[in-house]
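So the chains spell out like this:
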Amino acid sequence: MINTNPFAELSAFISPEAMQIYVVLMVLLVVGGTVLDMIHKQSAKYFFENSKKAEKNAKREVSSSEKMSLAVSTVTNEVLTSSEFANPQRRLSHLMTMYGFIIFVISTVALIFGNTTSPDAGIWPLLWHLGALSLAVGGYWFWFAIRVDVSSEGHKWYEFSRADIFIVSLLATSTFALLWSATQGGSLGWLFFVLFLMSATTLFSTVLWSKFAHMFFKPAAAYQKKITRADGSQENLPDLGDLNDPALQGRYPDIPEYMGTNPPNMGLGIKREKPTHF
């Protein structure tokens, strides 16, 4: 099963052209939903205005080579390895879900546009199944064991809100895809295929109300934050200077009162306890 193209048998009932049209429509829904999300939340306007403010407050000019280095750092750390997660389990769950989704989508496109009618389509069927499996394992791990609402806010795992559309439809898509592949050839297989189609359509058509568009904004926000640190604009926050400076402590007496006479060495702070949710 795992080495068999799941779309080959389907091509006897649904033409490859129809499958390809469906994939194109899903891509258009993602693009359209992302654009509408940017318009609704004014994300692009925020990044542009924030960037202009940072340029005015910059204390030094960041060279092109340094910007390139920061861009590479953003891609390798925040995007490819998700280093912003302090909890190793949360990080691993996120990476399994992310890479599983990427592999699953790419292999789906490769199978539908290049090997629709061929049961033996090289390595793509294996990647399709492994991607769906990685997506399911990472997603269920997050939903049942790591999700913040369950762990810290006392909500039940089965409580559902609009914010959960993304993860629930993602899990449903990978789960029904695997079940459909395993039960092809009977009425049960068709049931799982319909559920797979419905969950995939929900996933890609609800970008405006889900967390899907977040994956496009996250790298931009991380890169902009690195730039503000490099040019000294500090995300448009005031520069307090050296907290150990007696003149500064005289100006702001709350510093020694609440932070001690040696603020930079206040202890572990939030890192005193092992991170659980992020």
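See above for the structure.
Residues numbered from 1 in each chain as written. Predicted model: local features only at pLDDT ≥ 70, side-chain atom pairs only at ≥ 80, totals over all residues. Heavy atoms only, no water.

J.: What should I look at first to understand the overall build of the protein in this one?
T.: Scanning the protein for helices and strands turns up twelve helices and zero strands. Listed N to C, the secondary structure of the protein is α-α-α-α-α-α-α-α-α-α-α-α in terms of helices and strands. Every one of the 278 residues in the protein was classed for burial, and the buried ones make up 35%. Within the structure as shown, the protein displays about 16500 Å² of accessible surface, and the carbon and sulfur contribution to it stands at 65%. (Helix = DSSP H or I, 4+ residues; strand = E, 2+ residues; numbered from the N terminus. Buried < 20%, exposed > 50% of the residue type's maximum accessible area, 1.4 Å probe, protein only. Areas by Shrake-Rupley, 256 points an atom, 1.4 Å probe, with all protein chains shown as cover.)

J.: Mind showing me how you'd approach the packing of helix α2 (residues 16–41) against helix α5 (residues 88–114) here?
T.: The description of two helices packed together rests on the angle between their axes and the distance between the axes. It is the contact of α2 with α5, at a shortest axis distance of 9 Å, that shows an interaxial angle of 145°. Here α2 runs over α5; the crossing is left-handed. Packed against α2, whose contacting residues are Met 19, Gln 20, Val 23 and Val 24, the element α5 presents Val 109, Ile 112 and Phe 113 at the interface. Each residue belonging to the contact of α2 with α5 can be placed in one class, and the counts come to six nonpolar, one polar and no charged. (Axes fitted to C-alpha atoms, helices over the stretch in contact; angles between N-to-C directions. Left-handed = near helix turned anticlockwise from the far one by under 90°. Contact = heavy atoms within 4.5 Å. Nonpolar A, V, L, I, M, F, W, Y, C, P; charged D, E, K, R; others polar.)

J.: Please explain the pattern of salt bridges as it appears in this structure.
T.: Side chains carrying opposite charge are able to pair once their charged atoms draw close together. This model, assessed by the stated rule, comprises two salt bridges. Residue Glu 66 is joined to Arg 60 by a salt bridge in which the shortest nitrogen-to-oxygen separation is 3.0 Å. Overall, the relative accessible area of 40% leaves Arg 60 in the partly exposed class. Put simply, Lys 226 and Glu 78 hold a salt bridge, and the shortest N to O gap is 3.6 Å. Residue Lys 226 is found in helix α10 (residues 214–231), and its partner Glu 78 is found in helix α4 (residues 64–80); the two are separated by 148 residues along the sequence. As far as the burial class goes, Lys 226 and Glu 78 line up, both buried. (Salt bridge = Lys/Arg side-chain N within 4 Å of Asp/Glu carboxyl O.)

J.: Got a minute to help me understand a nonpolar patch on the surface in this structure?
T.: A grouping of Ile 21, Val 24, Leu 25, Leu 28, Val 109 and Phe 113 is seen on the molecular surface, where their side chains present a nonpolar patch of about 530 Å² in accessible area. For the nonpolar patch, the elements supplying multiple residues, two or more each, are α2 and α5. Tallying contributions element by element places α2 first for the nonpolar patch, with four residues. As for its placement among the helices and strands, Leu 25 is situated in helix α2. Residue classification places Leu 25 among the partly exposed positions, given a relative accessible area of 44%. (Patch = residues over 30% accessible without salt bridge, like charges linked within 9 Å, V, L, I, M, F, W, Y side chains within 5 Å.)

J.: Would you mind showing me how to read the packing of aromatic side chains here?
T.: Two measures describe an aromatic ring pair: the distance that separates the ring centres and the angle between the ring planes. On inspection of all chains with the given rule, the structure shows ten aromatic pairs. With 5.2 Å between their ring centres and 85° between their planes, Phe 13 and Trp 190 make a pair best called edge-to-face. Remark: Trp 190 occurs in helix α9 (residues 187–205) and Phe 13 occurs in the loop between α1 (6–10) and α2; sequence separation between them is 177 residues. Classification of Trp 190 as partly exposed rests on a relative accessible area of 36%. Where Tyr 140 meets Phe 144, the ring centres are 6.1 Å apart and the plane angle is 15°; that geometry is what we call stacked. (Phe/Tyr/Trp six-rings, centres within 6.5 Å; stacked < 30°, edge-to-face > 60°.)

J.: It is not clear to me how the packing of helix α3 (residues 43–57) against α10 should be interpreted in this structure. Could you clarify?
T.: With their axes 11 Å apart at the nearest point, α3 and α10 run at an angle of 5° to one another. Compared by their axis directions, α3 and α10 come out roughly parallel. Counting all contacts with α3, which are made through Ser 43, Phe 47, Asn 50, Ser 51 and Ala 54, the residues of α10 involved are Phe 217, Ala 220, Ala 221, Gln 224, Thr 228 and Asp 231. For the contact of α3 with α10, the residue count by class is five nonpolar, five polar and one charged. (Parallel < 35°, antiparallel > 145°, perpendicular 65-115°, else oblique.)

J.: Just checking my understanding: could you explain the environment of Ser 205 for this structure?
T.: Position of Ser 205 among the secondary structure elements: in helix α9. Look at Ser 205 and you get partly exposed, because its relative accessible area is 31%. Sequence-wise, Ser 205 and Met 26 are 179 residues apart; in three dimensions their C-alpha atoms are separated by 7.1 Å. A distance of 2.5 Å separates a polar side-chain atom of Ser 205 from the backbone oxygen of Thr 201. (Polar contact = N/O pair within 3.5 Å; in protein donor to acceptor, adjacent residues only side chain to side chain.)

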